[in-house]
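Structure at a glance
Residue-level listing of the chains:
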Amino acid sequence: MKTAVISATGLWTPQNSISNEELVESYNAWADNWNLAYAAEIGAGTVDPKTHSSVEFIEKASGIKSRFVIDKEGIIDPETMAPRIDERPNDQISVMAEMAVHAARQALERAGRKPEDVDAVICAASNMQRAYPAMAVEVQAALGCGGFAFDMNVACSSATFGIQTAADFIRSGSAKSVLMVNPEICSGHLNFTDRDSHFIFGDVATAVLVEEESIAPAGHWKILGTKLKTQFSNNIRNNFGFLNRAAPEGIGAPDKLFVQEGRKVFREVVPMVANMIGEHLGELGLEGTDLRRMWLHQANANMNRMISSKVLGHEASDDESPTVLDTYANTSSAGSIIAFHKHSDDFKPGDKGLICSFGAGYSAGTVFVEKTA
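One structure accompanies this document, and this report is about it. (Residues numbered from 1 in each chain as written. Predicted model: local features only at pLDDT ≥ 70, side-chain atom pairs only at ≥ 80, totals over all residues. Heavy atoms only, no water.)

1. A word on the nonpolar core
In a soluble, globular protein the nonpolar side chains are often hidden away together inside. Grouped together as the largest cluster of nonpolar side chains are 48 residues, with contacts concentrated most on Val273, Ile277, Met294, Ile307, Val311 and Phe358. Sorting the residues of this core by element identifies α1 (20-37), α3 (55-62), α8 (262-283), β11 (291-296), α9 (301-312), β12 (352-359) and β13 (363-371) as the ones contributing at least two each. If you tally residues by element for this core, the top one is α8, at 8 residues. Those residues in contact with Ile307, other than ones at most four positions away along the chain, are Val270, Val273, Ile277, Leu296 and Phe358. Counting 29 residues, the second-largest nonpolar core is a separate cluster that includes Met152, Ala167, Ile337 and Phe340. (Core = buried A, V, L, I, M, F, W, Y, C linked by side-chain atoms within 4.5 Å. Buried < 20%, exposed > 50% of the residue type's maximum accessible area, 1.4 Å probe, protein only. Helix = DSSP H or I, 4+ residues; strand = E, 2+ residues; numbered from the N terminus. Contact = heavy atoms within 4.5 Å.)

Below is the structure:
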């Protein structure tokens, strides 16, 4: 069986950033307008008033301080409260594919690869802007890669599932070089009028080049093992889809955007992921003390503290479990890859780490890696 490695990663970040202060100001203005419009119903007790959000509430609940977005103006406009992204004609590259191409080109350049060296492209993300043709095939064409391409969606765990899928192609001999991209426009499915979640997501694109060890550049990351897990839950859900037109009475309802039962998710996902990491460590003959660093899914700082504490036996330092959540917010599948991309250059040969994701599904993925010379 061939050995799969991570040769390089890429990251593309939008220019627009929204601070918590800006987001709170826009939400509170919207809430005031809503309360004014429904003043009679609120006075009669048939409708509950909207309460204000606050910077303190957001940072305590999540650890998020700001987020990058494709469109800022629409999101912070109290009359819009949603991103506005122009639809492009079919003869132009789509927004998500363009984001992925930016991240992919950086990964290819860092690995010293040309697009034609790539045998397969996987687009793994929590939301695709269309059903078909596949985003991955569009990325493949835009870059000039050969072979085949396809999309996959496992919500926040799409990247780790994508890495294992790419690694399996390498291990089986089906490909020697696989490009896995994660374009995430999470602002597109976020309800910015929901106080409990209006601050959660941001937009970004990442890329991971997975290759056969024999052709990988020096300083690559050997994949020691990958493990995937799913467990059905309705606690994180988005009911938007092509069948909505068949039930028009539900179009525009809150469940057609991101919804979650945050407290239930916390209680159920933390032990599931911590146990999964522990089991995978044992299968590889490793212990938590063997890990130089954990690049965890960037959804909630409190969840990451709990998971890392269970794995390491102590509260992780910023070095042991770095965060990008404060500036990027939750970027779904891309979060752990951003953390890995930005916080791995200091590794020495032999140092080991863990890329881990978890989220809707529930889904979880672990990818243990070791730095080579």
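2. Some remarks on the environment of Met81
Take Met81: it is sitting in the loop between α4 (73-76) and α5 (95-111). A sequence separation of 54 residues divides Met81 from Tyr27, and the C-alpha atoms of the two residues are 8.0 Å apart. Setting aside chain neighbours within four positions, we find Met81 in contact with Ser26, Tyr27, Trp30, Gly74, Ile75, Phe192 and Thr193.

3. Examining the packing of α5 against helix α6 (residues 135-143)
Relative placement of two packed helices is described by the angle separating their axes and the distance separating the axes. Put simply, α5 and α6 touch, their axes get as near as 9 Å, and they point 55 degrees apart. Taken together, the axes of α5 and α6 are oblique relative to one another. In the packing of α5 onto α6, the handedness of the crossing is right-handed. Contact residues: α5 offers Met96, Ala97, Ala100, Val101, Ala104 and Arg105, while α6 offers Met135, Glu138, Val139, Ala142 and Leu143. Of the residues belonging to the contact of α5 with α6, the class tally is 9 nonpolar, no polar and 2 charged. (Axes fitted to C-alpha atoms, helices over the stretch in contact; angles between N-to-C directions. Parallel < 35°, antiparallel > 145°, perpendicular 65-115°, else oblique. Left-handed = near helix turned anticlockwise from the far one by under 90°. Nonpolar A, V, L, I, M, F, W, Y, C, P; charged D, E, K, R; others polar.)

4. A few points about the layout of surface pockets
A water-sized probe, rolled over the atoms, reveals where empty space remains. Looking at the second largest pocket, its volume works out to about 260 Å³. Taken together, 15 residues make up the lining of the second largest pocket; nearest its centre are Ala301, Arg305, Asp318, Ser321 and Thr323. Of all the elements in the fold, those that place two or more residues in the lining of the second largest pocket are α9 and α10 (325-328). For the lining of the second largest pocket, the element with the most residues is α9, which contributes 4 residues. Residues of the lining of the second largest pocket, tallied by class, amount to 4 nonpolar, 7 polar and 4 charged. (1 Å grid on protein atoms, 1.4 Å probe; cavity = no way out; pocket = protein on both sides within 12 Å on 5 of 7 lines; lining within 4 Å. Points joined across faces, edges and corners; volume = space filled by probe spheres on them.)

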